[in-house]
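Structural description and commentary
These are the residues of each chain, in order.
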Amino acid sequence: MRYLFLNILLFSLFSCEQDELPIGPHSSGDVFVVQIELESDYKNQVFYSIDNKKVISENLKTDWDLGFESSSLGWRIILNSSTYSQAIEITDSDFYDPIDVSQLDWNWDNPKGINEGTAIGDHRGRSYFYIIDRGYNLNGTSRGYRKMRVDSVTDSYYIITYAKLDNSHETTSQINKSDETYFNYFSFTDQSIVNIAPSNLDWDLLFTQYTHIYNDNETTPSYLVTGVLINYLNNIEVAKDTLNSFDDITYEMAIASNYTYLKEQDIIGFDWKSYDFDNQLYSADPNIVYIIKTAIGRYHKLHFIDFYNSNGEKGYPRFQIQEL
């Protein structure tokens, strides 16, 4: 009888304790205000980590020309869209033939990401070559042209041959693959790989200029814009909210089915700001809020509040961000 009484008592105590355990609301982090220094001529590319709340690295946008997909099965080559670089495949001429660049119909990388198409395209098993317009220097002058042929691509490296349009400075280079970054970045100026992007897992957002494509505008099919690209290859996902304020968006909203999360590289893009042509000023729209799911599964909300620094210089995007 005594044992029965003890069992009933223990059962009652533990039942009450489990029923009365409080389940508190999800606790969000602090709100941080961050300002990125692209500078007034937008010369910098700035890699930012959301989880670590800091800039990881930055470089001049003119430091590189091409990015070579670096996985063992990778073969795609991207342009430096921050300089308005463009390319075209030449199929009806020999590599050493003269080329009139004024007659070329240029192509650009799709800003949504490499799976949506690149200007160079699938070069494997082809004998064609490419003309690459390297875009513009920081002072607006042309960076010039290169002709390039992809001689081979293996699990370990690429081999390319390139020269100026007059066939001078012909060079053959080997670009080794490395899984540390999604692309290995190559400079025609340095004729070598250059250190640009941080390691794959170390960054979430890239603040930069890039080439936007207007699919419905024949007069201006592409344009150089200033904005944000996400590390979409590292499973960063972003949803956009224009109905709820920054303060009102909660963790419960973020994890529910309220939002459609996308992995498009330019999902944040450039149109969180607008330009007043009369006053010649940019203004950020604080009513556009981005909900960001990072690679480690944390949710954050972000909205832009300015595009100027305290001295009134453009090119310094400022935003609020909070972990949900």
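Residue positions are given per chain, counted from 1 along the sequence in the order it is written. Local features in this predicted model are restricted to residues whose pLDDT is 70 or higher, and side-chain atom pairs enter the listing and the counts only when it is 80 or higher, whereas totals over whole chains, interfaces and linings include all residues. Excluded from the side-chain calculations are hydrogens and water; all other atoms, namely the structure's heavy atoms, are used.

The next thing to look at is the pairing of strand β7 (residues 129–133). Only protein chains enter the accessibility calculation, which uses a 1.4 Å probe; a residue whose area is less than 20% of its type maximum is buried, one above 50% is exposed, and one in between is partly exposed. Secondary structure counts use DSSP, requiring at least four H or I residues in a row for a helix and at least two E residues in a row for a strand, with both numbered from the N terminus. Across the five residues of β7, five count as buried, placing the element largely inside the fold. Being paired, for any two strands, means DSSP has found at least two bridges between them. In terms of strand pairing, strand β6 (residues 86–90) meets β7 through five bridges, oriented antiparallel. Bridge pairing links Ala 87 to Ile 132 in β7. Of the pairings in the sheet, the one linking β7 to strand β8 (residues 145–153) comprises four bridges and is antiparallel in character. Within β8, the position partnered with Ile 131 by the bridge is Lys 147.

This part takes up the environment of Ala 254. Mapped onto the elements, Ala 254 comes out in helix α2 (residues 251–255). For Ala 254, a relative accessible area of 1% gives the class buried. Along the chain, Ala 254 and Phe 188 lie 66 residues apart, while their C-alpha atoms are 44 Å from each other. Between two residues, a contact is recorded if the distance between any of their heavy atoms is within 4.5 Å. If near-sequence neighbours (up to four positions away) are discounted, Ala 254 is found in contact with Tyr 259, Tyr 261, Ile 291, Tyr 299 and Leu 324.

Turning our attention to the nonpolar core. Buried Ala, Val, Leu, Ile, Met, Phe, Trp, Tyr and Cys residues form a nonpolar core when they are joined through side-chain atoms within 4.5 Å. One finds Leu 205, Phe 207, Ile 268, Tyr 290, Phe 304 and Phe 319 to be the most contacted residues of the largest nonpolar core, which totals 42 residues. Every element with two or more residues in this core is listed here: β2 (44–49), β11 (183–187), β13 (205–213), β14 (222–230), β18 (289–293), β19 (299–308) and β20 (314–323). Those residues in contact with Tyr 290, other than ones at most four positions away along the chain, are Val 238, Ala 239, Lys 240, Ile 267, Ile 268, Asp 271, Trp 272, His 300, Lys 301, Leu 302 and Phe 304. Counting residues in each nonpolar core, the second largest holds 17 residues, with Phe 68, Ala 119, Val 150 and Tyr 158 among its members.

In this section: the pattern of salt bridges. Any two side chains of opposite charge can pair, given that their charged atoms come close. For this document, the term salt bridge refers to a Lys or Arg side-chain nitrogen within 4 Å of an Asp or Glu carboxyl oxygen. Under the definition given, this model contains 11 salt bridges. A salt bridge links Glu 39 to Lys 43, with the shortest nitrogen-to-oxygen separation between them at 3.5 Å. Notably, a salt bridge pairs Glu 264 with Lys 112, separated by 3.4 Å at the nearest N-O pair. Taken together, the residues span a long stretch of sequence, with Glu 264 in the loop between α2 and β16 (273–276) and Lys 112 in the loop between β6 and β7 at a distance of 152 residues. When its relative accessible area of 27% is taken as the criterion, Glu 264 is described as partly exposed. Overlapping salt bridges, with partners in common, bring together Asp 65, Arg 134 and Arg 143 in one network.

We note that Tyr 42 has phi near 55°; this positive angle belongs to a residue other than glycine. When you line up the elements, Tyr 42 lands in the loop between β1 (31–35) and β2.

Stacked, tilted and edge-to-face are the three classes applied to pairs of Phe, Tyr and Trp rings, where Trp contributes its six-membered ring and a pair requires centres within 6.5 Å; stacked means planes under 30 degrees apart, edge-to-face means over 60, and tilted covers the rest. Enumeration according to the criterion identifies 25 aromatic pairs in this entry. Ring geometry for Trp 106 and Tyr 145: centres 6.1 Å apart, planes at 25°, overall stacked. Linking Trp 106 in the loop between β6 and β7 with Tyr 145 in strand β8, this pair joins segments that are 39 residues apart in sequence. With relative accessibility at 25%, the residue Tyr 145 sits in the partly exposed group.

This part takes up the pairing of β16. Pairing of β16 with strand β17 (residues 281–284) involves four bridges; the strand directions are antiparallel. Its bridge partner lying in β17, Lys 273 is registered against Ala 284. Following β16, the chain reverses through four residues before pairing antiparallel with β17; Gln 280 in that reversal takes a positive phi of roughly 55°.

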